[in-house]
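# Structure assessment
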Amino acid sequence: MEALDYNAFAGECVEELKVLQNKFREEYNLSWYENWFYNQSTGLFTFSTDDVELNFKYFQVGSFSKKTNTWKWAWDNDNTLDNVKEITNVAKEFGQKNNFNKLTNAYFESDEIEAWEFTAIAAKLTNGIGTYRPVDEHLQIFLVITELVDSETAQSIKARYVECGAHEYRRIAFVCKHLNHSTKVGFEEAFETFGGMELLEDDDFQAWCNKCERVRKKEKGWNDKSMEFAQIKFVCEDCYFEMKELNLGYR
Ligand SMILES: [Zn+2]
Ligand SMILES: [Zn+2]
């Protein structure tokens, strides 16, 4: 097999991305949307105008710092959540196969032109449909948009998350009104849980205290009476596990 030339390949990818990006903007009429927002937890990139939303799946390729003129691949970035960076390993593996150091080194001196090359390569290797480049102070963040998510699916993904004052945006969890961050009240769960675990579509983190458990047993399960006693509230996933640890100790 003939060795692939990095510059030729990168140039090709950049040209393809230009075409792709125009198509992406036109097909979804993106200039019509006034706002955009993306969230690592949900992995959704959202364009919106008032109540009208358009949602896409996205991942983060990497970031370029205008302060230090350096590029950092997302797979090496501890501040980036796995679900929006794991896929960038595809670019790294492709780099290993073809001896493209720029795709295998995590962090190095670079420029904006190269940052676009990396983004174009990542888009090509993952069948991306477009890109977006938010700026956070001196950091340019390069994202690849991979697919449209219909609004029903997007809403059901978003409904599984909650904004927490202490922990920012996390998965939603449900606890009885007695569970708290300072006193031990017991910790009964719907099923055995651990932090960061994957949940099935229909499962939620759910816990209640010893008092609630006594009422629940007396009522032979959750009914109007036991629910009335528990007055389930929602908290974030991290708060849930802090309460679990407080009550059961670390394990
Ligand atoms: Zn309770
Ligand atoms: Zn929290």
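Keep in mind that what you see is a predicted model, and the values were worked out from it rather than measured. (Residues numbered from 1 in each chain as written. Chains lettered and ligands numbered in written order. Predicted model: local features only at pLDDT ≥ 70, side-chain atom pairs only at ≥ 80, totals over all residues. Heavy atoms only, no water.)

## Topic: the overall build of the protein chain
If you tally the helices and strands in the protein chain, you get eight helices and 13 strands. For 251 residues, the compact-globule formula gives about 18 Å, and the C-alpha radius of gyration of the protein chain, at 23 Å, lies well above that figure. Here the C-alpha coordinates of the protein chain stretch approximately 75 × 40 × 40 Å along the principal axes. Counting only carbon and sulfur atoms, one obtains 48% of the accessible surface of the protein chain, whose full area is about 14,600 Å². Charged side chains in the protein chain number 29 positive and 44 negative. The centres of these two groups are separated by 8 Å. (Helix = DSSP H or I, 4+ residues; strand = E, 2+ residues; numbered from the N terminus. Rg over C-alpha atoms; globule rule 2.2 N^0.38 Å. Areas by Shrake-Rupley, 256 points an atom, 1.4 Å probe, with all protein chains shown as cover. Lys, Arg positive; Asp, Glu negative; His and termini not counted. Charge placed at Lys NZ, Arg CZ, Asp CG, Glu CD.)

## Comments concerning the layout of surface pockets
The computed volume of the largest pocket comes to approximately 1,300 Å³. As for the largest pocket, its lining consists of 37 residues, of which Gln-40, Ser-41, Thr-42, Asn-83 and Tyr-161 are closest to the centre. Elements with a minimum of two residues in the lining of the largest pocket: strand E1 (35-39), strand E3 (52-65), strand E8 (139-149), helix H5 (151-158), strand E9 (161-164), strand E10 (168-175) and helix H8 (237-248). The space that makes up the second largest pocket amounts to roughly 370 Å³. (1 Å grid on protein atoms, 1.4 Å probe; cavity = no way out; pocket = protein on both sides within 12 Å on 5 of 7 lines; lining within 4 Å. Points joined across faces, edges and corners; volume = space filled by probe spheres on them.)

## Side note on unusual backbone geometry
The phi dihedral of Asn-29 is positive, around 50°, even though this residue is not glycine. Following the sequence through the fold, Asn-29 ends up in the loop between helix H1 (6-27) and E1. With phi around 55°, Asn-127 is a residue other than glycine that occupies positive phi space. Along the chain, Asn-127 falls in the loop between helix H4 (112-125) and strand E6 (130-132).

## A few points about the side chain of Ser-65
If you trace the backbone, Ser-65 turns up in strand E3. Residue Ser-65 is classed as buried on the basis of its relative accessible area of 5%. A polar atom in the side chain of Ser-65 sits 3.2 Å from the backbone nitrogen of Lys-67. Residues in contact with Ser-65, not counting those within four places in the same chain, are Thr-70, His-138 and Leu-139. (Buried < 20%, exposed > 50% of the residue type's maximum accessible area, 1.4 Å probe, protein only. Polar contact = N/O pair within 3.5 Å; in protein donor to acceptor, adjacent residues only side chain to side chain. Contact = heavy atoms within 4.5 Å.)

## Brief notes about the coordination of the zinc ion (ligand 2)
Protein-derived coordination of the zinc ion (ligand 2) comes from Cys-164 (SG), His-167 (ND1), Cys-236 (SG) and Cys-239 (SG), at a distance range of 2.2 to 2.3 Å. Here the donor residues for the zinc ion (ligand 2) map to a single chain with the spacing C-x2-H-x68-C-x2-C. Note that Cys-164 is positioned in strand E9 and Cys-239 in helix H8, a separation of 75 residues in sequence. For the residue pair Cys-164 and Cys-239, the accessibility class agrees, reading buried in each case. (Donors = N, O, S within 2.8 Å, 3.2 Å for Na, K, Ca; no water.)

## With respect to helix H2 (residues 89-98)
Three or more residues of H2 are buried, namely Ala-91, Phe-94, Gly-95 and Asn-98. On an axial view of H2, the arc spanned by its buried residues comes to 100°, and they lie on one face. Just beyond H2, the residue with positive phi is Asn-99, at close to 55°. (Arc of directions from axis to C-beta.)

## Examining the coordination of the zinc ion (ligand 1)
Only Cys-176 (SG), His-178 (ND1), Cys-209 (SG) and Cys-212 (SG) from the protein reach the zinc ion (ligand 1) as donors, at distances of 2.1 to 2.3 Å. Around the zinc ion (ligand 1), the four donor atoms sit at angles spanning 101 to 115°, and that spread fits a shape best called tetrahedral. Summarised as a motif, the one-chain spacing of the donors to the zinc ion (ligand 1) is C-x1-H-x30-C-x2-C. Highlighted residues: Cys-176 in the loop between E10 and strand E11 (188-189) and Cys-209 in the loop between strand E12 (205-208) and helix H6 (210-218), separated in sequence by 33 residues. (Tetrahedral: all angles 85-135°; square planar, octahedral: opposite > 155°, others 65-115°.)

## Description of the packing of H1 against H4
Contact geometry of H1 with H4 gives a least axis separation of 8 Å together with a crossing angle of 75°. Of the possible angle classes, the one that applies to H1 and H4 is roughly perpendicular. Residue-level contacts link Tyr-6, Phe-9, Ala-10, Cys-13, Val-14, Glu-16 and Leu-17 of H1 to Trp-116, Glu-117, Phe-118, Ala-120, Ile-121, Ala-123 and Lys-124 of H4. Looking at side-chain class alone, the contact of H1 with H4 contains 11 nonpolar, no polar and three charged residues. (Axes fitted to C-alpha atoms, helices over the stretch in contact; angles between N-to-C directions. Parallel < 35°, antiparallel > 145°, perpendicular 65-115°, else oblique. Nonpolar A, V, L, I, M, F, W, Y, C, P; charged D, E, K, R; others polar.)

## As for the pairing of strand E2 (residues 44-49)
Counting buried positions over the six residues of E2 gives six, a clear majority of the element. Where burial is concerned, the two faces of E2 agree: the one with Leu-44, Thr-46 and Ser-48 and the one with Phe-45, Phe-47 and Thr-49 are both buried. Two successive antiparallel strands, E1 and E2, enclose a turn made up of four residues, where Gly-43 displays a positive phi of approximately 70°. The pairing of E2 with E3 spans six bridges and is antiparallel. Following the sheet pairing, Ser-48 is matched in E3 by Glu-53. The antiparallel hairpin formed by E2 and E3 contains two residues in its connecting segment, where Asp-50 sits at a positive phi of about 50°. (Pairing = 2+ DSSP bridges.)

No statement about biological role is implied by the geometric values presented.
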